[in-house]
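Architecture at a glance
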Amino acid sequence: MAGQSLPPLPSGPVASIPDAVARMQAIEAALPPGDGLACFNRMYLIVTQTVKAQVTQGFFADPAFMEHLDIVFANLYLGAVDGSCVNPSTACRAWNVLFSRRSDTSVVPMQFALAGMNAHINHDLALAVVTACRDLGTVPESGSHEADFNKVNRLLAALDPQIRQSFESGLILELDKRGAAGLENIAGNFGIDAARETAWVNAQALWHVRDISFIYKRYLDGMDRTAAFAGRSLLIPLV
């Protein structure tokens, strides 16, 4: 089922984590809660607000790097949303899986959230690490980058109850209940820690071929195809 066009939204890249939070809040306000994009956006907003707080509270050894990485990462998502508003066909395969199905009533909200997480981690995250390293004149293996990257896994684990609660009220709960029998299996098949570990390995590989244009583009294309395949599996109708 093709997705409906998105309503007018603020566009362009953000320059700070507070700007990213504000943009996600604008997306949330513009979309009905059961919309597939809104379902992922709700989850990502919670995560981004938490990272914003931890950047200023000494959680990361190199907060400047993690702040910039988070902004670059958010802009990849927001850029995909912008592209979908203007020309849906320009979205990468991984994001287009979600955008093209976001109004499909046979898919329950948590599936949409997982499909968005799949696109953002399995496609965007490695690219964000490479871009942040280029911008800041560093390399993935430098200093505390990998250790700080892995600390985000602890944040995500701690946020799990809050994220689940956001899907366990009102309309969202009723929609998810329709597919409860199969949802647990789908959620169990998507491991955030494993996906993030793979993203770090992909970032290292991309970094080492960054100046070999042909290989770099082929590697990115392979990541996109793999993430799109996983996304389609996550969106198999449960109702």
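This section reports on the structure supplied with the text. All figures in this text were calculated on a predicted structure; none of them were measured in a lab.

**Overview of the nonpolar core**
Residues I27, L37, L69, Y77, V81 and W95 are the most contacted members of the largest nonpolar core, which totals 77 residues. Residue assignment for this core shows that the elements contributing at least two residues are α1 (17-30), α2 (36-55), α3 (63-86), α4 (93-99), α5 (109-136), α6 (145-166), α9 (192-208) and α10 (213-234). Here this core gets 16 residues from one element, more than from any other, and that element is α5. Leaving out residues up to four positions away in the same chain, Y77 has contacts with M24, I27, L37, F40, N41, Y44, W95, H120 and D124.

**A closer look at the pattern of salt bridges**
Summed over the entire model, instances satisfying the criterion amount to 6 salt bridges. Ionic pairing is found between R93 and D221, a salt bridge with its closest N-O pair at 2.7 Å. On the criterion of sequence distance, the pair formed by R93 in helix α4 and D221 in helix α10 is long-range, its members being 128 residues apart. Taking relative accessible area as the criterion, R93 reaches 32% and is therefore assigned partly exposed. Through salt bridges with shared partners, one network takes in R93, D221, D224 and R225.

**Overview of the packing of aromatic side chains**
Evaluation of the coordinates by the stated rule reveals 9 aromatic pairs. Between Y44 and Y77, the aromatic rings sit 5.4 Å apart at their centres with planes inclined by 80°, giving edge-to-face as the arrangement. Residue Y44 is found in helix α2, and its partner Y77 is found in helix α3; the two are separated by 33 residues along the sequence. Between Y77 and W95, the aromatic rings sit 5.5 Å apart at their centres with planes inclined by 40°, giving tilted as the arrangement. Of this pair, Y77 sits in helix α3 while W95 sits in helix α4, and the two are 18 residues apart along the sequence. The residues Y77 and W95 share a single accessibility class, namely buried. Feature note: the residues F40, Y44, F73, Y77, W95 and F99 constitute an aromatic cluster, connected by ring pairs. Over the face of the ring belonging to F149 we find R196, whose NZ or CZ atom lies 4.1 Å from the ring centre. The side chain of R210 reaches across the aromatic face of W207, ending 3.8 Å from its centre.

**Re the side chain of S84**
Examined against the element boundaries, S84 turns out to sit in helix α3. Excluding anything up to four places from it in sequence, S84 contacts L6 and F99.

What counts and what doesn't
Note that residues are indexed from 1 along each chain, following the sequence as it is written. Owing to the predicted nature of the model, reporting of local features is limited to residues with pLDDT of at least 70; listing and counting of side-chain atom pairs is limited to 80 or more, with chain, interface and lining totals taken over all residues. The side-chain quantities take in all heavy atoms of the structure and omit both hydrogens and water. Only buried residues count toward a nonpolar core, which is a set of Ala, Val, Leu, Ile, Met, Phe, Trp, Tyr and Cys residues joined through side-chain atoms within 4.5 Å. Remark: exposure states derive from per-residue accessible area (1.4 Å probe, protein chains only) relative to the maximum for the residue type, with buried under 20%, exposed over 50%, and partly exposed in between. A run of H or I in DSSP becomes a helix once it reaches four residues, and a run of E becomes a strand once it reaches two; helices and strands are each numbered from the N terminus. We call two residues in contact when some of their heavy atoms are within 4.5 Å. Salt bridges, as used here, are contacts in which a Lys or Arg side-chain nitrogen is within 4 Å of a carboxyl oxygen on Asp or Glu. In this scheme Phe, Tyr and Trp rings, the latter by its six-membered ring, pair at centre separations within 6.5 Å, and the angle between planes marks the pair as stacked below 30 degrees, edge-to-face above 60, and tilted otherwise. Our definition puts a charge over a ring when NZ of Lys or CZ of Arg is within 6 Å of the ring centre and also within 35 degrees of the ring normal.

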